[in-house]
Amino acid sequence: MTSDKEMILLIEDEFQMRRFLRVTLQSQGYRLIETQNGEEGLAQAATRQPDVILLDLGLPDMDGLEVTERLREWTNIPIIIISAREQERDKVRALDAGADDYLTKPFGSDELLARIRVSIRHSTREKAGQESPVFQTGNLLVDFSRRQVTLAGKEIHLTPIEYRLLTTLIRYADRVVTHNQLLREVWGPQQTNQVQYLRVYMAQLRQKLEDDPARPCFLINEPGIGYRFKTDADKG
Ligand code: CA
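Definitions and cut-offs
The numbers attached to residues start from 1 for each chain and follow its sequence in the written order. Thresholds applied to this predicted model are a pLDDT of at least 70 for local features of residues and 80 or more for the giving and counting of side-chain atom pairs; totals over whole chains, interfaces and linings are not thresholded and use all residues. With hydrogens and water set aside, each side-chain value is computed from the structure's full complement of heavy atoms. Start and end points for every domain follow an automatic or database-based domain assignment. When checking whether two residues touch, look at their non-hydrogen atoms; a contact exists if any pair is within 4.5 Å. Take the accessible area each of two parts loses on contact, using a 1.4 Å probe, and add the two losses: that sum is the buried area. Here, a salt bridge means any side-chain nitrogen of Lys or Arg that lies within 4 Å of a carboxyl oxygen of Asp or Glu. Each polar contact in these results corresponds to two N or O atoms within 3.5 Å; when the atoms are within protein, one needs to be able to donate a hydrogen and the other to accept it, and residues that are neighboring in sequence are counted only if both atoms are side-chain atoms. Where helices and strands are cited, they refer to DSSP runs of H or I of at least four residues and of E of at least two residues respectively, numbered from the N terminus. When a residue's accessible area, from a 1.4 Å probe over protein chains only, is under 20% of the maximum for its type it is buried; when over 50% it is exposed; and in between it is partly exposed. By the convention used here, strands pair only if DSSP detects at least 2 bridges between them. Angular values range over 0 to 180 degrees, each being the angle between N-to-C directions of two axes fitted as lines to C-alpha atoms, with helices fitted over their stretch in contact. Coordinating donors are taken to be N, O and S atoms lying within 2.8 Å of the metal, or within 3.2 Å when the metal is Na, K or Ca; because water is excluded from the atom set, some sites may appear incomplete. When two rings of Phe, Tyr or Trp (its six-membered ring) have centres within 6.5 Å they constitute a pair, described as stacked for plane angles under 30 degrees, edge-to-face for angles over 60, and tilted for the intermediate range. Charge-over-ring placement is defined geometrically: NZ (Lys) or CZ (Arg) within 6 Å of the ring centre, and within 35 degrees of the ring normal.

Can you walk me through the domain arrangement of the chain in this structure?
It is common to give the size of an interface as the accessible area that goes away when the parts come together. For the chain, the assigned domains are domain 1 (2-128) and domain 2 (134-235). Each of domain 1 and domain 2 has a C-alpha centre, and these two points are 26 Å apart. In this complex, domain 1 contributes 15 residues to the contact, which on the side of domain 2 involves 16 residues. In total, about 1300 Å² of surface goes out of reach between domain 1 and domain 2, with carbon and sulfur atoms giving 45% of it. On the domain 1 side of the contact with domain 2, Asp-96, Tyr-102 and His-122 bury the most area, a combined 34% of that side's loss. For the pair domain 1 and domain 2, the number of links is three salt bridges. A salt bridge links Arg-121 to Asp-174, with the shortest nitrogen-to-oxygen separation between them at 3.6 Å. If you look at where domain 1 meets domain 2, you find seven residue pairs in polar contact (both at pLDDT 80 or more).

Would you explain the pattern of salt bridges in this entry?
Note on pairing: side chains with opposite charge can pair once their charged atoms come close. Here the structure, examined in full by the defined rule, presents 18 salt bridges. For Asp-90, the salt bridge identified is with Arg-93, shortest N-O distance 3.6 Å. In this pair, Asp-90 and Arg-93 are both assigned in helix α4 (residues 88-96), three residues apart and thus about one turn of the helix distant. Look at Asp-90 and you get partly exposed, because its relative accessible area is 24%. By relative accessible area, Arg-93 is classed as partly exposed at 44%. Through salt bridges with shared partners, one network takes in Asp-101, Glu-111, Arg-115, Glu-222 and Arg-228.

Got a minute to help me understand the sheet that holds strand β10 (residues 176-178) in this structure?
Neighbouring strands of a sheet are bound in pairs by backbone hydrogen bonds; such pairs are parallel or else antiparallel. Ordered by their spatial adjacency, three strands build an open sheet running β10-β12-β11, and the pairing between neighbours is antiparallel. Of all the strands in the sheet, just β10 and β11 (219-222) have a single pairing partner and so form its edges. For this sheet the average axis-to-axis angle between neighbouring strands, irrespective of direction, equals 30°. Two elements, β11 and strand β12 (residues 226-229), share four bridges in a ladder whose sense is antiparallel. Bridge assignment links Glu-222 to a residue of β12, and that residue is Gly-226.

It is not clear to me how the coordination of the calcium ion should be interpreted in this structure. Could you clarify?
Ideal geometry at a metal gives 109.5 degrees between four tetrahedral donors and either 90 or 180 degrees between six octahedral ones. At this site the calcium ion is bound by Asp-13 (OD), Asp-56 (OD) and Gly-58 (O), with donor distances of 2.2 to 2.4 Å. When the donor residues of the calcium ion are listed from N- to C-terminus, their spacing reads D-x42-D-x1-G. Highlighted residues: Asp-13 in the loop between β1 (7-11) and α1 (15-27) and Gly-58 in the loop between β3 (52-56) and α3 (64-72), separated in sequence by 45 residues. Classification of Asp-13 by relative accessible area gives partly exposed; the value is 30%. Accessibility expressed as a relative area gives 33% for Gly-58, which makes it partly exposed.

Would you take a moment to explain unusual backbone geometry for this structure?
Outside of glycine, negative phi angles account for most residues, and trans bonds account for most peptide bonds. With an omega dihedral of -5°, the bond running from Lys-105 to Pro-106 counts as a cis peptide bond. With respect to the secondary-structure elements, Pro-106 resides in the loop between β5 (101-105) and α5 (109-128). Residues other than glycine seldom take positive phi values, yet Ala-152 does so here, at roughly 50°. Counting through the fold element by element, Ala-152 comes out in the loop between β8 (148-151) and β9 (154-156). Although it is not a glycine, Asp-174 adopts a positive phi angle of roughly 70°.

Help me understand the packing of aromatic side chains in this model?
To describe a pair of aromatic rings, you give the distance between the ring centres and the angle between the ring planes. Summed over all chains, the structure comprises five aromatic pairs. A ring pair is formed by Phe-135 and Phe-229, whose centres lie 5.7 Å apart and whose planes are at 75°; its orientation type is edge-to-face. Here the residue Phe-135 occupies a position in strand β6 (residues 134-137), and Phe-229 occupies one in strand β12, the gap between them amounting to 94 residues. Judged by its relative accessible area of 0%, Phe-229 is buried. The ring centre of Tyr-30 lies 4.7 Å from the NZ or CZ of Lys-5, which sits over that ring.

Here you go:
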């Protein structure tokens, strides 16, 4: 029965962290491959084809950023970075290099399991090529074919940039999207240093979509990194 549960590859050199993750993941029936350095992790990723990779950035033989880049040369397997706060710049670079999400150490087991479920859900959907024409979470509904956004049944008028910003975040729902990635996808490749644009438009979007813009439920700030669109699925 456990044999069809997803397989997770862990690349982490800290013994304590590996023990915590082993207990957490095995309690949910996930199959686990443990590796302690980048080379071993890359080799296992290629031969075992895991469903999710948990990657530490500070590894003894190479940087997690390099591991991410080398993985992205041949695979879209979801990569979740697990790292400490002081390596924020490295986390951003790893996300821009193609990692899907990150968790800051120390993190709780519930948060980790939620992130893993999100990654698996997204990659399953991508493999199946499903693009639903309508997205709904809570009282927010986005109809992509009509480019229409409604909140509790009431139509919300968004400018073209606000709409692109919202739909880009929704495409990566429940995963972090870096400032660079948003600027590139919404404004184009020339604008990636204009982080203030993002702040302005994000504030406008929050005014239009959030009950309390100062305490947003959907448009969550990831300080120093980017934003995350939070859905109901990630709240439970
Ligand atoms: Ca480490």
